[in-house]
Amino acid sequence: MTNFEPLNQSVISGRVDQVKEQTKAMVDAGVSPIEIINQGLIAGMNVVGVRFKNGDMFVPEVLMCARSMAAGIEIVKPLIADTDMPSKGKVLIGTVKGDLHDIGKNLVGMMMESGGFNVINLGVDIPPEKFVAAIKEHKPDIVAMSALLTTTMLQMKDTIELIKEEGLNVKYIIGGAPISQEFADEIGADGYAPDAASSVDLCLKLIG
Ligand code: B12
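Since this is a predicted model, take the numbers as computed values, not measurements.

A positive phi angle, near 60°, is found at Asp125, a position not held by glycine. Locating Asp125 in the fold gives a position in strand S2 (residues 118-126). The phi angle at Lys139 is positive, at roughly 50°, despite the residue not being glycine. Tracing the sequence through the fold places Lys139 in the loop between helix H6 (128-138) and strand S3 (142-146). Under the C-beta neighbour-count criterion, Lys139 is labelled exposed, with 12 such atoms within 10 Å.

Bringing the packing of helix H1 (residues 5-12) against helix H2 (residues 16-28) into the picture now. Interaxial distance between H1 and H2 falls to 9 Å at its minimum, and their mutual angle equals 155°. Viewed along their axes, H1 and H2 adopt a mutual orientation that is roughly antiparallel. Judged by the sense of rotation from one axis to the other, the crossing of H1 with H2 is left-handed. Across the interface between the two elements, Pro6, Leu7, Ser10 and Val11 of H1 pack against Gln18, Val19, Gln22 and Thr23 of H2. Residue composition of the contact of H1 with H2, by class: 4 nonpolar, 4 polar and no charged.

Okay, the environment of Leu204 next. You can see Leu204 is positioned in helix H9 (residues 196-207). Residue classification places Leu204 among the partly exposed positions, given that 15 C-beta atoms sit within 10 Å. Considered as a pair, Leu204 and Phe131 are 73 residues apart in the sequence and their alpha carbons are 22 Å apart.

Taken together, 37 residues lie near the ligand, and Gly49, Ile103, Gly104, Ser146 and Gly175 sit nearest. Contributions of two or more residues to the shell around the ligand are made by helix H3 (33-53), helix H4 (59-80), helix H5 (103-114), S3, strand S4 (171-175) and H9. Considering each element in turn, the shell around the ligand owes the most residues, 6 residues, to H3. Among the residues forming the shell around the ligand, the class breakdown is 22 nonpolar, 10 polar and 5 charged. Each of domain 1 (5-80) and domain 2 (90-207) gives at least three residues to the shell around the ligand.

Analysis parameters
- Residues numbered from 1 in each chain as written.
- Predicted model: local features only at pLDDT ≥ 70, side-chain atom pairs only at ≥ 80, totals over all residues.
- Helix = DSSP H or I, 4+ residues; strand = E, 2+ residues; numbered from the N terminus.
- Buried ≥ 20, exposed ≤ 12 C-beta atoms within 10 Å, placed from the backbone.
- Axes fitted to C-alpha atoms, helices over the stretch in contact; angles between N-to-C directions.
- Parallel < 35°, antiparallel > 145°, perpendicular 65-115°, else oblique.
- Left-handed = near helix turned anticlockwise from the far one by under 90°.
- Contact = placed C-beta atoms within 7 Å.
- Nonpolar A, V, L, I, M, F, W, Y, C, P; charged D, E, K, R; others polar.
- Near = placed C-beta within 6 Å.
- Domains from an automatic or database assignment.

Here you go:
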């Protein structure tokens, strides 16, 4: 049994070098990359989330934690993204306007890539017009939107409406901490997934 506690602690204390070292050691020991991400890196970040919420941690510290988690992910990413696989479809992913959170979105994009999708990552703070322009340019099968703030989740509705107005034929999926299946139904999204792993199943189901 792998002990993920030391890696959790390194993410929580935002120690980039230590996270890199421990992640490399786990890879060398043959621990599965997905387990390292979920039980080592994300589990640590979840603790950070609770402390941030309770006012026990502040933005600069949270940023260091996010950076250390990203450093760990960079190490395991090449092990799970199999670019030789034929593409199962094209996904355009972005965080909606006004929202700068990108850790979860990037994880979702990465898991989709490893699941055989061709992923175009637009980045953060993407207004509806930019989603529309990118759909015209890249012609994806699926548009995936992320929002972490209750104030920005309504941008998803505006984006879907604009895409429909433009008559573009794509499926829409949404996700992020404040998002639920009910919200997805309410705004006419084709799907919602609570985490990165299930977002891949969702895309496979939608593309059929
Ligand atoms: C890290 C973080 C930050 C970092 C972001 C760094 C970065 N590069 O992303 C910084 C410090 C910059 C930040 C800033 C702010 N934040 Co912040 N942040 C967080 C924190 C602690 C963790 C988020 C995270 O990365 N989680 C880890 C990832 C892996 O999880 P995830 O994002 O949920 O993603 C998973 C799923 O949701 C899903 N998913 C995500 N996207 C998608 C998309 C699709 C299509 C699908 C299918 C699935 C999916 O899959 C992912 C992987 O499993 C959360 C707390 C929390 N518990 O969520 C607060 C939190 C989101 N932040 C919050 C707030 C208030 C802010 C600020 C307004 C703070 C401030 N006063 O300045 C600013 C806003 C900045 C902005 N305009 O966006 C609040 C939001 C409250 C609300 N309900 O609206 C939270 C919930 C903290 C809290 N409880 O108060 N934040």
